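Here are the chains, one letter per residue:
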Amino acid sequence: MSNGNGTPLKYTTTCQLCGFQLIDHPLSIEANGKPDERIRKFIAALMKHLEKKHPDASAQIQQLWQFFLGFLSIGQFKTEDPNLVRGMLAFGAQLRNMVKLPPIPDADIEGAAAALGFTMDDPKREPVIAAMKNVRAYYEGTLQKPAAPEAQKPLVTL
Ligand SMILES: [Zn+2]
């Protein structure tokens, strides 16, 4: 593969803990296929670096790996054990926090409202946009819950 200048295309992968760099040709990762030998060697080099230079991070990865095996295994069962259910939910939340999705721009939400047929002068357009922004905030973990309404006073006091 070339970058158009006749130079073979290579990418740099940088350790976020120390700046160590690996430079390699593009790797192809098939979502459903087995990792090929080049990827296995590349990952093995990353793991070797972590084990040697960052043993704490390496140990944490090993621990997460064990949790992930448990998560995948338990996920094949239904359980009544509330501790297992809580643990599954907590690990799932941890996984979601590790995978940061790109934020949904306001323009996409407004476009979705337009696609639903809400015109600019439709009085229901803004509430629909606000509801979609709330859903976005919920999934981004930034939803500001409104203060609980004051307890309603009885209309008639005796
Ligand atoms: Zn490093």
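As the structure is a prediction and not an experimental result, all values here were calculated from the model.

Enquirer: Where do I start with the overall build of the chain in this structure?
Expert: Regarding its fold elements, the chain presents five helices and two strands. When the elements of the chain are put in sequence order from the N terminus, they spell out β-β-α-α-α-α-α. By the burial criterion, 1% of the 158 residues in the chain qualify as buried. Sequence-distant contacts in the chain: of pairs separated by 6 or more residues, those separated by 24 or more amount to 22%.

Enquirer: Mind showing me how you'd approach the pairing of strand β1 (residues 11-14) here?
Expert: Bridge analysis of β1 against strand β2 (residues 21-24) gives four bridges, and the strand direction is antiparallel. Bridge assignment links T13 to a residue of β2, and that residue is L22. Two successive antiparallel strands, β1 and β2, enclose a turn made up of six residues, where G19 displays a positive phi of approximately 90°.

Enquirer: Which parts of the structure should I look at to understand the environment of G70?
Expert: As for its placement among the helices and strands, G70 is situated in helix α2 (residues 55-74). Note on G70: 14 C-beta atoms within 10 Å, which makes it partly exposed.

Enquirer: Sorry if this is basic, but what is going on with α2 here?
Expert: An α-helix turns once every 3.6 residues. As a result, residues three or four positions apart point the same way. With 20 residues, α2 extends 28 Å from end C-alpha to end C-alpha; this agrees with the ideal 28 Å at 1.5 Å per step. Counting buried positions over the 20 residues of α2 gives zero, only a small fraction of the element.

Enquirer: Sorry, what's going on with the packing of helix α4 (residues 106-115) against helix α5 (residues 125-140) here?
Expert: When two helices pack together, their arrangement is captured by the angle between the axes and the distance separating the axes. For the pair α4 and α5, interaxial distance at closest approach is 10 Å and the crossing angle is 130°. Looking at the two axes, α4 sits oblique to α5. Between α4 and α5 the crossing geometry is right-handed. Across the interface between the two elements, I109, E110, A112 and A113 from α4 touch R125, V128, I129, M132, K133 and R136 from α5. Looking at the contact of α4 with α5 residue by residue, the class counts come to six nonpolar, no polar and four charged.

Enquirer: Explain α5 here, please?
Expert: For α5, with 16 residues, the first-to-last C-alpha span of 22 Å sits near the 22 Å given by 1.5 Å per residue. Among the 16 residues in α5, zero count as buried, and that is only a small part of the element. Positive backbone phi, at 75°, marks G141, one or two positions downstream of α5.

Enquirer: Sorry if this is basic, but what is going on with the environment of A113 here?
Expert: In this structure, A113 sits in helix α4. Owing to 20 C-beta atoms within 10 Å, A113 belongs among the buried residues under this scheme. Between the alpha carbons of A113 and I129 there is a distance of 6.6 Å; along the sequence they are 16 residues apart. Residues within four places of A113 in sequence aside, it is in contact with F118, R125, V128 and I129.

Enquirer: What's the story with the confidence of the model for the chain in this structure? I'm lost.
Expert: On average, residues of the chain score 86 in pLDDT, and 85% of them reach the 70 mark or higher. Looking over the chain, one finds the lowest element-wise mean pLDDT in helix α3 (residues 82-98), namely 88, and the highest in α4, namely 96.

Definitions and limits used
- Residues numbered from 1 in each chain as written.
- Predicted model: local features only at pLDDT ≥ 70, side-chain atom pairs only at ≥ 80, totals over all residues.
- Helix = DSSP H or I, 4+ residues; strand = E, 2+ residues; numbered from the N terminus.
- Buried ≥ 20, exposed ≤ 12 C-beta atoms within 10 Å, placed from the backbone.
- Contact = placed C-beta atoms within 7 Å.
- Pairing = 2+ DSSP bridges.
- Expected span 1.5 Å × (residues − 1).
- Axes fitted to C-alpha atoms, helices over the stretch in contact; angles between N-to-C directions.
- Parallel < 35°, antiparallel > 145°, perpendicular 65-115°, else oblique.
- Left-handed = near helix turned anticlockwise from the far one by under 90°.
- Nonpolar A, V, L, I, M, F, W, Y, C, P; charged D, E, K, R; others polar.
- pLDDT = per-residue confidence, 0-100.

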